[in-house]
Amino acid sequence: ALKCYGSEFDVHLTKDNILVVNHDHDFFGINIEQATYQDLLAKKLSNGESIPTAEAYLKAGLKQKHTKLILELKPSKLGKERTEEAAERVINLVKQLKAENMVEYISFSYDALKKIKALEPKAKVAYLNGGIAPHKLKADGIDGLDYHFSEYQKNPTWINEAHQLGLSINAWTVNNPTDMKKLIVQKVAFITTDEPELLLKVLAEK
């Protein structure tokens, strides 16, 4: 309703290769990676619904066209191979739903992002973990920095460097108006926040 640029959600792969949406690696005490989707149906969300599959979640998100669906692929604790398997299944699902223009990708896993770009070169991907300079991201084909806002404070030249390299710049999770204003002045392209109405008000004032 606010027509924000995007809305972020987190995706995991179950033991039986079902992509599901949940923030944590466990769902009410059930380890998602070591459980089947059927196992996860034993628990309910507070609103009475079951854990959503990524397919159902994307289909719901695609009913609107104002807000991009920012898919965060969670790294597998079982290793690189399982993370890349999840990346491949995510790309196949997005293609199946013809959602390429509505979905962008973020991850704390560099391997996941590189796998996504290898499978879908036109996909927009951004790295979450921090610690990697803009020139390295550019060289590896990563489209943007999506770092905690403190990372830019520790590395004050990175925003300008990213601008010069044509990389997108996002800062998370920014809920304080003072921090929002500083980032707006620095011309970051995106700000992730739990307070979108507050951010829109700050933007309007600027």
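Residues numbered from 1 in each chain as written. Predicted model: local features only at pLDDT ≥ 70, side-chain atom pairs only at ≥ 80, totals over all residues. Heavy atoms only, no water.

A. View of the pairing of strand β1 (residues 6–13). Direction of pairing for β1 relative to strand β5 (residues 68–73): parallel, over a ladder of 6 bridges. The residue of β5 that forms the bridge with F9 is L71. From the end of β1 to the start of strand β2 (residues 19–21), which pair antiparallel, there are 5 residues, and N17 there has a positive phi angle of about 65°. (Pairing = 2+ DSSP bridges. Helix = DSSP H or I, 4+ residues; strand = E, 2+ residues; numbered from the N terminus.)

B. Fine view of the environment of V188. Along the polypeptide, V188 turns up in the loop between α8 (177–185) and β10 (190–191). For V188, a relative accessible area of 11% corresponds to the buried category. Residues V188 and G141 lie 47 residues apart in sequence; the distance between their C-alpha atoms is 20 Å. Setting aside chain neighbours within four positions, we find V188 in contact with I159, I169 and L183. (Buried < 20%, exposed > 50% of the residue type's maximum accessible area, 1.4 Å probe, protein only. Contact = heavy atoms within 4.5 Å.)

C. Examining helix α7 (residues 158–165) more closely. Regarding α7, the residues found buried are W158, I159 and A162. Viewed end-on, α7 has its buried residues packed into an arc of 100°, placing them on one side of the element. As for α7, its buried residues are in contact with α5 (134–139), β8 (144–148), α6 (149–154) and β9 (168–172). (Arc of directions from axis to C-beta.)

D. Spatial organisation of the side chain of D146. With respect to the helices, strands and loops of the structure, D146 is situated in strand β8. Buried D146, no salt bridge; nearest opposite-charge side chain is K74, N-O distance 12 Å. At a separation of 2.4 Å, a polar atom in the side chain of D146 contacts the side chain of N170. (Lys, Arg positive; Asp, Glu negative; His and termini not counted. Salt bridge = Lys/Arg side-chain N within 4 Å of Asp/Glu carboxyl O. Polar contact = N/O pair within 3.5 Å; in protein donor to acceptor, adjacent residues only side chain to side chain.)

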